[in-house]
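Read off the chains here:
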Amino acid sequence: MIVKRTRAILFALAMIVSCLVVDSAHAQVALKTNFLYDATTTPNLGVEVGLSRKSTFQVVYGLNPWKFNTVEHGERKLNHWLVMPEYRWWTCTKFNGHFFGVHAMGGQFNAANVDFPFMPGVFFGGADLIKGLKDYSYDGKYLGGGITYGYQWILNRHFNLEAEIGVGVDHIWYNKYECGDCGPKLAIGQTNYAGVTKVGISLLYLF
């Protein structure tokens, strides 16, 4: 299900970005990928468009369809897709220096047998899914938002390097299962997460 939605989501993102480019007299476009997100085996692609001299809008999409099998731990997966739109305001000029942003985020997940040694946030108003992922399987969807701070360095005419961090809140709807293929459903629930929602070191190509 996660993979099947990819084409429709990418088409919608392309339509949104193309509308922004046509309507903006200050349009400048950059493609980007977040190396830290890539390191979690999640390929991702972002498009950032200039809206004015000191503002931009970006959309980032990530997809993780992989499953991993090990002798010691069995099958592990952290399948998900994510869409994250963000408006940014730059203290100097767009694509240069400090910026502050407001982002939204949403997606779906299907995860099991994953042990997180550290989570930069807390769950409240429901179950702690991170603690449960070691022994149970979860799938569901999430929706939330937050604020961002970051900085871009100009490397040359076409390439920039970006560092960013964001914090916010997500609401999560989930189903809980016994681990293993086709395990019985144990619970249906909702919970909330507050903490770090994004961390990135990204390379941009500016057109």
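Attention in this report is confined to the structure presented alongside it. Note that the structure is predicted; figures quoted are calculated from it, not measured. (Residues numbered from 1 in each chain as written. Predicted model: local features only at pLDDT ≥ 70, side-chain atom pairs only at ≥ 80, totals over all residues. Heavy atoms only, no water.)

## What about the pattern of salt bridges?
Applying the stated criterion across every chain yields a total of nine salt bridges. For E164, the salt bridge goes to R88, with nearest N and O atoms at 3.0 Å. Placement of the pair is E164 in strand 9 (residues 159-178) and R88 in strand 5 (residues 74-90), with a sequence separation of 76 residues. With relative accessibility at 10%, the residue E164 sits in the buried group. Judged by its relative accessible area of 0%, R88 is buried. One salt-bridge network, in which partners are shared between bridges, spans K32, E48, E86, R88, E162, E164 and K198. (Salt bridge = Lys/Arg side-chain N within 4 Å of Asp/Glu carboxyl O. Helix = DSSP H or I, 4+ residues; strand = E, 2+ residues; numbered from the N terminus. Buried < 20%, exposed > 50% of the residue type's maximum accessible area, 1.4 Å probe, protein only.)

## Digging into a nonpolar patch on the surface
A cluster of nonpolar side chains, namely F35, L36, Y87, W89, F100, Y149, I165, V199 and I201, defines an oily patch on the protein surface of about 820 Å² accessible area. Of all the secondary-structure elements, those providing two or more residues to the nonpolar patch are helix 2 (35-38), strand 5 and strand 10 (185-206). In this fold, Y87 is placed in strand 5. Look at Y87 and you get partly exposed, because its relative accessible area is 38%. (Patch = residues over 30% accessible without salt bridge, like charges linked within 9 Å, V, L, I, M, F, W, Y side chains within 5 Å. Areas by Shrake-Rupley, 256 points an atom, 1.4 Å probe, with all protein chains shown as cover.)

## Overview of unusual backbone geometry
A positive phi angle, close to 65°, is found at F95, a residue other than glycine. Inspection of the secondary structure assignment puts F95 in the loop between strand 5 and strand 6 (97-112). By relative accessible area, F95 is classed as buried at 3%. At N113, a residue that is not glycine, the phi angle is positive and equals roughly 60°. As for its position among the elements, N113 is in the loop between strand 6 and strand 7 (121-124). Taking the relative accessible area as the measure of exposure, N113 reaches 15% and is therefore buried.

## A look at the layout of surface pockets
When its volume is computed, the largest pocket comes out at roughly 1,400 Å³. Around the largest pocket sit 48 residues that line it, and Y37, L78, H80, F116 and M119 are the ones nearest its centre. (1 Å grid on protein atoms, 1.4 Å probe; cavity = no way out; pocket = protein on both sides within 12 Å on 5 of 7 lines; lining within 4 Å. Points joined across faces, edges and corners; volume = space filled by probe spheres on them.)

## What to know about the nonpolar core
Counting 15 residues, the largest nonpolar core has L82, F109, F123, L129, Y138, Y142 and I172 as its most contacted members. Elements represented by at least two residues in this core include exactly strand 5, strand 6, helix 3 (129-132), strand 8 (136-154) and strand 9. In terms of residue count, strand 6 provides more of this core than any other element does, three residues in total. Setting aside anything within four residues of it in sequence, one finds F123 in contact with D128, L129, I130, I172, T191, N192 and Y193. (Core = buried A, V, L, I, M, F, W, Y, C linked by side-chain atoms within 4.5 Å. Contact = heavy atoms within 4.5 Å.)

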